[in-house]
Structure formats: structure tokens, C-alpha cells
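# Chains, contacts and geometry: an overview
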Amino acid sequence: TSLPILNNVDEMEESTVVVTMRGGCTFGEKALAAHELGVAGILFVNNEEGLFHPSGPEARDLKLSTFMITQHDGAHLINALRKVALTTGPEYSLNGRFVPVICRKSNSDPYCKPAHHDDERFETSLDYGGKF
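Treat the numbers as computed from the prediction; the structure is a model and nothing was measured. (Residues numbered from 1 in each chain as written. Predicted model: local features only at pLDDT ≥ 70, side-chain atom pairs only at ≥ 80, totals over all residues. Heavy atoms only, no water.)

From N to C terminus, the protein chain includes three helices and five strands. Starting at the N terminus and ending at the C terminus, the protein chain contains elements arranged as β-α-β-β-α-β-β-α. Sorting the 132 residues of the protein chain into buried and exposed places 21% on the buried side. (Helix = DSSP H or I, 4+ residues; strand = E, 2+ residues; numbered from the N terminus. Buried < 20%, exposed > 50% of the residue type's maximum accessible area, 1.4 Å probe, protein only.)

As C-alpha cells, then:
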């Protein structure tokens, strides 16, 4: 089996998260290709409505974070990435941060919050209006 082709390989580093559309090969094959580059993670954009956990039994022992986002959210992210790629200058950068979240469910007070204090401080500093 040949691994999927990844674009921008020369720009990838240890902190890179690969963004890929679902489809074309298995989740595991894409994760293996990303892992071989030494990146931090891979984000799958669903190619249909809904959301589920990306399975990949052939890649279960990789030290690589994997995530999936909805088709709708993925379209917004890809449009933002394309906009950044077409512009130059520091005012057009797109940075992200994965924040581990703990969710607790109770009858009186269900909530989700960042798992670490540094991430909680980061979350409270966000500008939810966005700046693209």
C-alpha cells in the first residue's frame, strides 16, 4: 500500500497539524503518512454531515493526535487557510492551539472546561469574534 501524498511537506515541523479531507484511503493510512513526517497531529475534515471518531486499527500505536471536525466547520477552516495562503504579512497569520477539555455531566450543572490552568487562561483570553 502506498501512503497518501501530502502537500507542503517542506513546511511541516514537529508542531504542525496536518489538515486533510476524509476519503481516498483509510484514516490509518493518512495517520501513518503524517506520523512519518514527525508532525504533532492530523485533523480530518468530514466529507459528509455528522461527526464520529476516526478509526484506524492499522495505526493504533502511533504517537500522534487525531481529530475530526464536521464538514461545515471544515469548510470554514479550509477557507481561512486558503485566505492566509494567498496573502503575505504578519497581519494575515492563522495560529491554532489544541486545548484538552474535561466534560462533566451532572443533573444540576453540566459543564466542559480546559483540563489545564494554562489552557484555561488561554481560553478566557480569546476573541470569539475572530480576526480574519
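Still more ground to cover, so stick around.
Another aspect to go through is the environment of Ile42. Along the polypeptide, Ile42 turns up in strand β2 (residues 41–45). It is 7.4 Å that separates the C-alpha atoms of Ile42 and Thr20, two residues lying 22 residues apart in sequence. Sequence-distant contacts of Ile42, defined by excluding residues within four places in its chain, comprise Val17, Val18, Thr20, Lys30, Ala31, Ala34, Leu64, Ser65, Thr66 and Phe67. (Contact = heavy atoms within 4.5 Å.)

A few words now on the pattern of salt bridges. Inspection of the entire model under this criterion finds two salt bridges. A salt bridge links Arg121 to Asp118, with the shortest nitrogen-to-oxygen separation between them at 2.2 Å. Taken together, the residues Arg121 and Asp118, both in helix α3 (residues 117–124) and three residues apart, mark about one turn of the helix. (Salt bridge = Lys/Arg side-chain N within 4 Å of Asp/Glu carboxyl O.)

In the structure shown here, the tally under the stated rule is one aromatic pair. For the pair Phe27 and Phe44, a centre-to-centre distance of 4.8 Å together with 75 degrees between the ring planes defines the contact as edge-to-face. Here Phe44 lies in strand β2 and Phe27 lies in helix α1 (residues 27–37), a separation of 17 residues in the sequence. (Phe/Tyr/Trp six-rings, centres within 6.5 Å; stacked < 30°, edge-to-face > 60°.)

Another point: the confidence of the model for the protein chain. In this model, the protein chain carries a mean pLDDT of 77, and residues with pLDDT of at least 70 account for 76%. When pLDDT is averaged over each element of the protein chain, β2 comes out on top at 88 and strand β4 (residues 101–104) at the bottom at 78. (pLDDT = per-residue confidence, 0-100.)

Met12, Val18, Phe27, Ala31, Ala34, Val39, Ile42, Phe44, Leu64 and Met68 form the largest nonpolar core, which has 10 residues in total. Secondary structure elements with two or more residues in this core: α1 and β2. Looking at this core, the element that brings in the most residues is α1, giving three residues. Other than its neighbours up to four places away in sequence, Phe44 contacts Thr20, Phe27, Lys30, Pro54, Thr66, Phe67, Met68 and Ile69. (Core = buried A, V, L, I, M, F, W, Y, C linked by side-chain atoms within 4.5 Å.)

Mapped onto the secondary structure, Asp119 falls in helix α3. The exposure class of Asp119 is buried, given its relative accessible area of 7%. Residue contacts for Asp119: discarding those within four places in its chain leaves Arg97, Val99, Pro100 and Pro114.

By the alternation rule, side chains of strand β1 (residues 17–21) split into Val18 and Thr20, which are all buried, and Val17, Val19 and Met21, of which none is buried. Both β1 and β2 contribute to a ladder of five bridges, which runs parallel. Pairing of Val18 across the sheet is with Ile42, part of β2. Note on the crossover from β1 through α1 to β2: the handedness is right-handed. (Pairing = 2+ DSSP bridges. Right-handed = clockwise from strand over helix to strand, strands pointing away.)

On to the sheet that holds β2. One open sheet accounts for three strands, arranged β1-β2-β3; its pairing is parallel. Of all the strands in the sheet, the pair left with one neighbour each is β1 and β3 (65–69). For this sheet the average axis-to-axis angle between neighbouring strands, irrespective of direction, equals 20 degrees. Where β2 lies against β3, five bridges are found, and the strand directions are parallel. Paired with Gly41 across the two strands is Ser65, which belongs to β3. Running at roughly 145 degrees to β2, α1 makes contact with β1, β2 and β3 of the sheet. (Axes fitted to C-alpha atoms, helices over the stretch in contact; angles between N-to-C directions.)

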